[in-house]
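A closer look at the structure
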Amino acid sequence: MLSRMVKKARYSKAFQRVHQTVTLAPQERMLDMAFAFARWGRLPGDYLEFGVFDGWSLTAAYHLAQKHRLNGMRFLGFDSFDGLPASDDVDGYPFQQFTRGQLKCDQRTVEANLRRDGVDMSKVELTKGWYSDTLTDQTRQRLNLRQAAVVWVDCDLYSSTVPVLDFILPVLQDGTVLIMDDWFLFRAHPDRGERKAFGEWLARNPDVEVTPFAKPGWHEASFIAHLRGDRAPVEKLAETSAVAP
């Protein structure tokens, strides 16, 4: 058992500040595991992030991908850069947690944050706009998007998550890591937010199966995607992968 003195030190503000400085946050641990999986599974493709906010998680993704030598990976961020839309009836009363315009950060500020934190902007592409307008076949073509290795869904709301999941469907591969950052919001209600959108998406697409993956924090969940009838042999993946050994 911890002594009273040790407990007092561990729960002090000073200890918490040091702890936060020298350890990875849960989101960073999640990304670290996702990129480790991508590397050792020889999983090619890009990193897609939906819900960029101020660029913090995109910065973490870039540096952790470099740690795992995923040198060919691109980092594609999608955001309105005008904050969240208004909550619809699904995410409204009685579990409403967000307001229109919340989590707003303009694109210029995000780009400045990324540069300041050492991100190679030649590997980054940001797409601005509401998902209903931007998540289209034309956008996939413009970005030359072929395969997604890791997908970070930080949309908060059901109405925002639905178009994201439909957008990524054509670029899923066997092994794509799907990170749902707000899985346990709205009191973890299955008929709210990302959980409702994810369940409906799987029901609409029976050829997609998922295996639960890591869950390092209280609010996110992650899954490995599998495509029925489209599983390439490991030997073929090894031949085509751009991942460094």
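See the structure shown above.
Read on for an overview of the structure. If you're wondering where the values come from, they're calculated on a predicted model, not measured in any experiment. (Residues numbered from 1 in each chain as written. Predicted model: local features only at pLDDT ≥ 70, side-chain atom pairs only at ≥ 80, totals over all residues. Heavy atoms only, no water.)

What to know about the pairing of strand β7 (residues 221-227)
Of all seven residues in β7, seven are buried, a share of seventy percent or more. Side-chain alternation along β7 places Ala 221, Phe 223, Ala 225 and Leu 227 on one buried face and Ser 222, Ile 224 and His 226 on a second face that is also buried. Note: strand β5 (residues 177-180) against β7, four bridges, orientation antiparallel. Residue pairing across strands places Val 177 opposite Ile 224, the latter belonging to β7. (Buried < 20%, exposed > 50% of the residue type's maximum accessible area, 1.4 Å probe, protein only. Helix = DSSP H or I, 4+ residues; strand = E, 2+ residues; numbered from the N terminus. Pairing = 2+ DSSP bridges.)

Quick notes on the packing of aromatic side chains
Scanning the model with the defined rule gives twelve aromatic pairs in all. Aromatic side chains Phe 50 and Phe 167 sit 6.2 Å apart centroid to centroid with 80° between the ring planes, which places their arrangement in the edge-to-face category. Within this pair, whereas Phe 50 is found in strand β1 (residues 46-50), its partner Phe 167 is found in helix α8 (residues 158-168), the two being separated by 117 residues in sequence. For Phe 50, a relative accessible area of 0% translates into the label buried. Take Phe 167: its relative accessible area is 2%, and that puts it in the buried class. (Phe/Tyr/Trp six-rings, centres within 6.5 Å; stacked < 30°, edge-to-face > 60°.)

What to know about the packing of α8 against helix α9 (residues 193-204)
The contact between α8 and α9 brings their axes to 8 Å, and the two run at 35°. Handedness of the α8/α9 crossing: right-handed. Mapping the contact onto sequence places Tyr 158, Thr 161, Val 162, Leu 165 and Asp 166 in α8 and Gly 193, Glu 194, Lys 196, Ala 197, Phe 198, Glu 200, Trp 201 and Arg 204 in α9. Considering only residue class, the contact of α8 with α9 consists of six nonpolar, two polar and five charged. (Axes fitted to C-alpha atoms, helices over the stretch in contact; angles between N-to-C directions. Left-handed = near helix turned anticlockwise from the far one by under 90°. Contact = heavy atoms within 4.5 Å. Nonpolar A, V, L, I, M, F, W, Y, C, P; charged D, E, K, R; others polar.)

A short note on the packing of helix α3 (residues 26-40) against helix α4 (residues 56-67)
The contact between α3 and α4 brings their axes to 9 Å, and the two run at 40°. For the pair α3 and α4, the crossing hand works out as right-handed. Touching Gln 27, Glu 28, Leu 31, Asp 32 and Phe 35 of α3 are Trp 56, Ser 57, Ala 60, Ala 61, Leu 64, Ala 65 and Lys 67, all from α4. Residues that form the contact of α3 with α4 fall into these classes: seven nonpolar, two polar and three charged.

Quick look at α9
Look at α9: 17 Å from first C-alpha to last across twelve residues, which is about the 16 Å you get at 1.5 Å a residue. Where α9 is concerned, the buried positions are Gly 193, Glu 194, Lys 196, Ala 197, Phe 198 and Trp 201. Residues of α9 that are buried in the fold lie against β4 (148-153), α8, β5, β6 (208-212) and β7. (Expected span 1.5 Å × (residues − 1).)

A short note on the pattern of salt bridges
On inspection of all chains with the given rule, the structure shows nine salt bridges. Lys 67 is the salt-bridge partner of Asp 32, the closest N and O atoms lying 3.0 Å from each other. Note that Asp 32 is positioned in helix α3 and Lys 67 in helix α4, a separation of 35 residues in sequence. (Salt bridge = Lys/Arg side-chain N within 4 Å of Asp/Glu carboxyl O.)

Regarding α4
In a regular helix each residue adds 1.5 Å, so twelve residues correspond to 16 Å; α4 covers 17 Å between its end C-alpha atoms and thus fits that length. Among all positions of α4, only Ser 57, Leu 58, Thr 59, Ala 60, Ala 61, Tyr 62, Leu 64 and Ala 65 are buried. Tucked into the core, α4 has its buried residues touching α3, β1, β2 (75-79), α5 (107-116), β3 (124-128) and β4. Positive backbone phi, at 60°, marks Arg 69, one or two positions downstream of α4.

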